[in-house]
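Observations on chain architecture
Residue strings, one per chain:
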Amino acid sequence: MSERPGDLRGYRKLGSSVLVDYGGPTLSITLVHPGIARIRLAPTGAFAARRSWSPVPPDEELDPPHVTVQSEDGAVEISSDLLTVRAEPAGARVSVVERPSGRVLMQDGPEGGPSWKHDGTAMWTRRMPRGEHYFGFGNRTGLLDKRGRMFEFWCTDRFEEQGPGTNELYQAIPFYLSMDPGGRCYGLFLNNTFRSVFDLTDELHERQVIHVCGGELDQYVIAGPTPAEVVERYTLLTGRMVLPPRWALGHHHSRWGYSTAEQIREVAQRLRADGIPTDVIYIDVEHQEGYRVFTWDRERFPDPAGLVRELSQLGFRTAKVLNVGVKYQPEGGYPVFTEGAELGYFLTEGDGLMLRHVWPGLCAFPDFAREEVRQWWGRWYEESLATGVRVLVNDMNEPSMRDRLPEDPQARRMDPPLDTPHGPPEERTTHAEVHNVYGYLENAGIGTALRRVLADERHLLLSRAGFAGMQRHSATWAGDNASYWEHLEMSLPQLQNLGLSGVPFAGADIGGFFADCGPELLARWYQLGAFYPLARNNCSKPCAPQEPWVWGPEIEGVCRRALELRYRLLPYLYTVFAEAARTGAPVLRPLLYHYADDPAARVRDDQGLLGRDLLLAPVLRPGRTWREVYLPAGRWYDLHSGAVQRGPGRLIADAPLDGDAPVYVRGGTVLPLGPVMQWTEQGPLDPLSIEVYPDDDGAAEGVLYEDDGVTRAHERGQWSMTRYTYRDGTLTARHDGGFSPPGRAVQIRVHRDGGVDERQLTIDEQEWTVQAP
């Protein structure tokens, strides 16, 4: 039977917090930031200590504001300049109000509030007003708006199991962005790493419920009112992406099934011979000896460092896939297992090791809740770095495990027992609390090791699993999708919701990982995938090949043209990534991010924005040679033809398979473009094309971010931000930052209703004003 708090007995103010006593159960409300309220309930009156590995910082690190506390009508209110949180006279029910507008962001209602059971589970019930939309929730299949769905947060390997109704996936990010009918937003983050559930299914009674299977009901309510403000404050709390190297924004090519060094060479040479722009080649787990992590099969990969050098000479970075399970080999001969076992670094079960099956057979699993284990694991990555590998892929780190070998058709997915012990003696806990941060903690340790070893050189770390804040350490992908049109279509809202959840660097496997990808689907997937933040073709070895050339010259030409456009857009794309690293903004955005006040744009699932200025309208169904496109208010230019359209409104856009997917540039944009390259470092950004798309007033503006693209010098001020302003026929460039781009040819193109006017010039100065054509 559930218990609830009683009547309010008293309260006391502590700094930016107020503790409210409900007859033993205690409600803590802390304004950790003017726009962020932390609301916690302790049924016993004693709050849990912060974990050393917590994804969120201590409250005091967020610079809590001055607050006022007052009691009125038997309730207690605590306020900052942006928020008021009210604790009601009974039941620890709360409401959160935006200041100074007075708009109610969140309200428990008379039947709501917290409750708990003696088994450690708890729930919080609050109102779900009619017409309110909910976005985010991390990596989720299905449509963009998640109202009416129930989501569990428990990192899960969905091996050939993804679909529109799939619940748990690889990442657990218990955050949503709520938007009212007027387009005004707030965010909610549940700071709890146990299994949890957000239930938004009770639309009839307008009620939402948050369940936790252990730990505290610990929530952060984040003020808007715009989506950008919510995401910026949420990522202030959970952290932001580190700016990746520029080459990481190029095309990635992978296949689980390239099993020899010779196959890797052949694919690399074919990519270059066919002119398919690519920056990264992947070596999957087939490179290992018997799938033992941190080994090489010397028959199939006799000279790993030599292979990486050869790939580098062709302009490729090399990626290496690593799994978290360590083969159980007590007879010796495998140092990773021997050392980990001797040091006591693996998870235990009863009197022995906790062993489950992964690709090598029975495996042991490191205890990443211990700092010394994370450091030890990170040191094993040094061999990969010494070989020249610069992309490390942490796969199967939910952690994924089976009751028998995964290739056995009868294999059943398993989790470690919930009571499996984790952590050092002074911070002992169980797998029930650590499961959702297992991959997150692995990435944290590896990220520290990579920065230590590589010093001033940037790297790329990819992780399949993670928790809120995973963007601080790694990029991610949507997991094991399949070669279905439905998976192509759902990838767009899937990645947009990840971006709204604070994870801007993410992708879905172009062409699909499982099943066989046909020619039309592959072409259409490249036309969309070329705009994914992480653009990677990847598929599984039991499936048909899906390299761009498989279906002949026509389909390969479509794939090539899509990637050539991505590479031309790299100056703009890198600028958007720099914004994401600075503010937490998504790279791939739903239309609602900039057009929340437009009901038609708010839940648009089949379009997106790359940054602020490019609107994408991919073809997502077979046999279509056109599609309906919605344009928000303003002037829009067809990126390919230059034709001008006005929004708000709908139009029918031609989209033949052998053409280009519809892309539109927002009027008022100065768009920087570069030359087509086969890899990002093939040559300098020369010439630089400055594409001017005036708005209705004949004005435009834009930004170009630059640095050396490889080192961490930008963290020491060696970056360049050039702001372009077009007014009255004059284009002005103003420079900021300590990095000076080299002199180069500049092509200025002003797009007008009747065509394009061009001017060529060479510019050595960082700041200049010219009369545009």
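Above this note sits the structure.
Keep in mind that this is a model prediction, so the values were computed, not measured.

As a further point, take the overall build of the protein. Looking only at helices and strands, the protein has 13 helices and 51 strands in total. For the protein, whose C-alpha radius of gyration is 26 Å, the value lies close to the compact-globule estimate of 28 Å for 773 residues. Looking at the protein as a whole, 63% of its 773 residues qualify as buried. Summarising the internal contacts of the protein: among those between residues at least 6 apart in sequence, 66% fall at separations of at least 24. As presented, the protein carries roughly 26,900 Å² of accessible surface, and 49% of it is formed by carbon and sulfur atoms. Side chains of the protein carry 81 positive and 106 negative charges; the gap between the two charge centres is 1 Å.

The next point concerns the packing of helix α2 (residues 261–273) against helix α3 (residues 304–313). Running from amino to carboxyl end, α2 crosses α3 at an angle of 0°, the nearest separation of the two axes being 11 Å. On the basis of their axis angle, the class for α2 and α3 is roughly parallel. In this structure, α2 uses A261, I264, R265 and A268 to contact α3, whose residues at the interface are L307, E310 and L311. When its residues are assigned to classes, the contact of α2 with α3 shows five nonpolar, no polar and two charged.

The subject of this paragraph is the side chain of R147. Tracing the chain through its elements places R147 in the loop between β12 (133–136) and β13 (150–153). Side-chain polar atoms of R147 contact the backbone oxygen of M128, separated by 3.4 Å. Only 2.9 Å separates the side chain of R147 from the backbone oxygen of E132, close enough to count as a polar contact. Among residues more than four places away in sequence, those in contact with R147 are M128, P129, R130, G131, E132, Y134, L200 and E203.

Another point: the sheet that holds strand β40 (residues 614–616). Ordered by their spatial adjacency, six strands build an open sheet running β38-β39-β40-β43-β41-β42, and the pairing between neighbours is antiparallel. Edge positions in the sheet fall to β38 (588–589) and β42 (644–654), since each has one partner strand and no second. Alignment of β38 against strand β39 (residues 608–610), held across two bridges, turns out to be antiparallel. Note that in β39 the partner of L588 across the bridge is L610.

This model, assessed by the stated rule, comprises seven cavities of 30 Å³ or more. A volume near 220 Å³ is recorded for the largest cavity. Lining the largest cavity are 19 residues, with W256, D284, D395, D480 and F513 sitting closest to its centre. Those elements that provide at least two residues to the lining of the largest cavity are β22 (317–323) and β28 (391–395). Class assignment of the residues belonging to the lining of the largest cavity gives a composition of ten nonpolar, three polar and six charged. By volume, the second largest cavity amounts to about 120 Å³. The wall of the second largest cavity is formed by 14 residues, among which R744, I763, E765, Q766 and W768 lie closest to the centre. Listing elements by their share of the lining of the second largest cavity, those giving two or more residues are β47 (720–727) and β49 (744–752).

To continue, consider the nonpolar core. In this structure, L27, I39, F189, F198, F365, W377 and L671 are the most contacted members of the largest nonpolar core, which totals 198 residues. In contact with F365, other than residues within four places in its own chain, are V324, G325, Y345, F346, L347, M354, R356, V358, P399, S400, M401 and Y438.

The subject of this paragraph is the packing of aromatic side chains. Counting across every chain of the model gives 31 aromatic pairs. Taking 6.2 Å as the distance between ring centres and 70° as the angle between the ring planes, the aromatic pair formed by Y176 and Y186 counts as edge-to-face. In this pair, Y176 is assigned in strand β15 (residues 175–179) and Y186 in strand β16 (residues 185–190), connecting sequence segments ten residues apart. Here Y176 and Y186 have matching classes, each one buried. Their ring planes at 85° and their centres at 4.9 Å tell us that F505 and F577 sit as a pair that is edge-to-face. Taken as a pair, F505 in the loop between α9 (485–500) and β36 (506–507) and F577 in helix α12 (residues 570–583) lie far apart in primary sequence, 72 residues in all. Across the pair, exposure class does not vary: F505 and F577 are buried alike. Pairwise contacts between aromatic rings join F294, Y328, F337, Y345, F346, F368, W376, W377, W380, Y381 and Y438 into one cluster. Against the face of Y574 rests R246, its NZ or CZ located 6.0 Å from the ring centre.

Think of an α-helix as 3.6 residues a turn; residues three or four steps apart then line up on the same face. Burial in helix α4 (residues 335–343) covers these residues: V336, F337 and G340. Axial view of α4: buried residues confined to an arc of 90°, hence all on one face. Following α4 by one or two positions, G344 has its phi on the positive side, about 75°.

Here we come to the layout of surface pockets. In this structure, the largest pocket encloses a volume near 460 Å³. If you go around the largest pocket, you meet 23 residues; those closest to its centre are A49, R50, R51, N191 and D218. When grouped by side-chain class, the residues that make up the lining of the largest pocket number nine nonpolar, five polar and nine charged.

Bringing the pattern of salt bridges into the picture now. Under the defined criterion, the tally for this structure stands at 60 salt bridges. Residue R402 is joined to D157 by a salt bridge in which the shortest nitrogen-to-oxygen separation is 3.1 Å. Of this pair, R402 sits in strand β29 (residues 401–402) while D157 sits in the loop between β13 and β14 (171–172), and the two are 245 residues apart along the sequence. For the residue pair R402 and D157, the accessibility class agrees, reading buried in each case. Salt bridges linked by common partners bring D157, D395, E398, R402, R464 and D480 together as one network.

Looking now at the sheet that holds strand β18 (residues 207–212). The five strands lie next to each other as β10-β11-β18-β17-β13, forming an open sheet whose pairing is antiparallel. Strand pairing shows two members of the sheet lacking a second neighbour, β10 (113–116) and β13, which therefore form its edges. Averaged over all neighbouring strand pairs, the angle between strand axes comes to 15°, with direction disregarded. Bridge analysis of β10 against strand β11 (residues 122–127) gives four bridges, and the strand direction is antiparallel. Opposite W116, over in β11, you have A122 as the bridge partner.

What counts and how
Residues numbered from 1 in each chain as written. Predicted model: local features only at pLDDT ≥ 70, side-chain atom pairs only at ≥ 80, totals over all residues. Heavy atoms only, no water. Helix = DSSP H or I, 4+ residues; strand = E, 2+ residues; numbered from the N terminus. Rg over C-alpha atoms; globule rule 2.2 N^0.38 Å. Buried < 20%, exposed > 50% of the residue type's maximum accessible area, 1.4 Å probe, protein only. Contact = heavy atoms within 4.5 Å. Areas by Shrake-Rupley, 256 points an atom, 1.4 Å probe, with all protein chains shown as cover. Lys, Arg positive; Asp, Glu negative; His and termini not counted. Charge placed at Lys NZ, Arg CZ, Asp CG, Glu CD. Axes fitted to C-alpha atoms, helices over the stretch in contact; angles between N-to-C directions. Parallel < 35°, antiparallel > 145°, perpendicular 65-115°, else oblique. Nonpolar A, V, L, I, M, F, W, Y, C, P; charged D, E, K, R; others polar. Polar contact = N/O pair within 3.5 Å; in protein donor to acceptor, adjacent residues only side chain to side chain. Pairing = 2+ DSSP bridges. 1 Å grid on protein atoms, 1.4 Å probe; cavity = no way out; pocket = protein on both sides within 12 Å on 5 of 7 lines; lining within 4 Å. Points joined across faces, edges and corners; volume = space filled by probe spheres on them. Core = buried A, V, L, I, M, F, W, Y, C linked by side-chain atoms within 4.5 Å. Phe/Tyr/Trp six-rings, centres within 6.5 Å; stacked < 30°, edge-to-face > 60°. Lys NZ or Arg CZ within 6 Å of the ring centre and 35° of its normal. Arc of directions from axis to C-beta. Salt bridge = Lys/Arg side-chain N within 4 Å of Asp/Glu carboxyl O.

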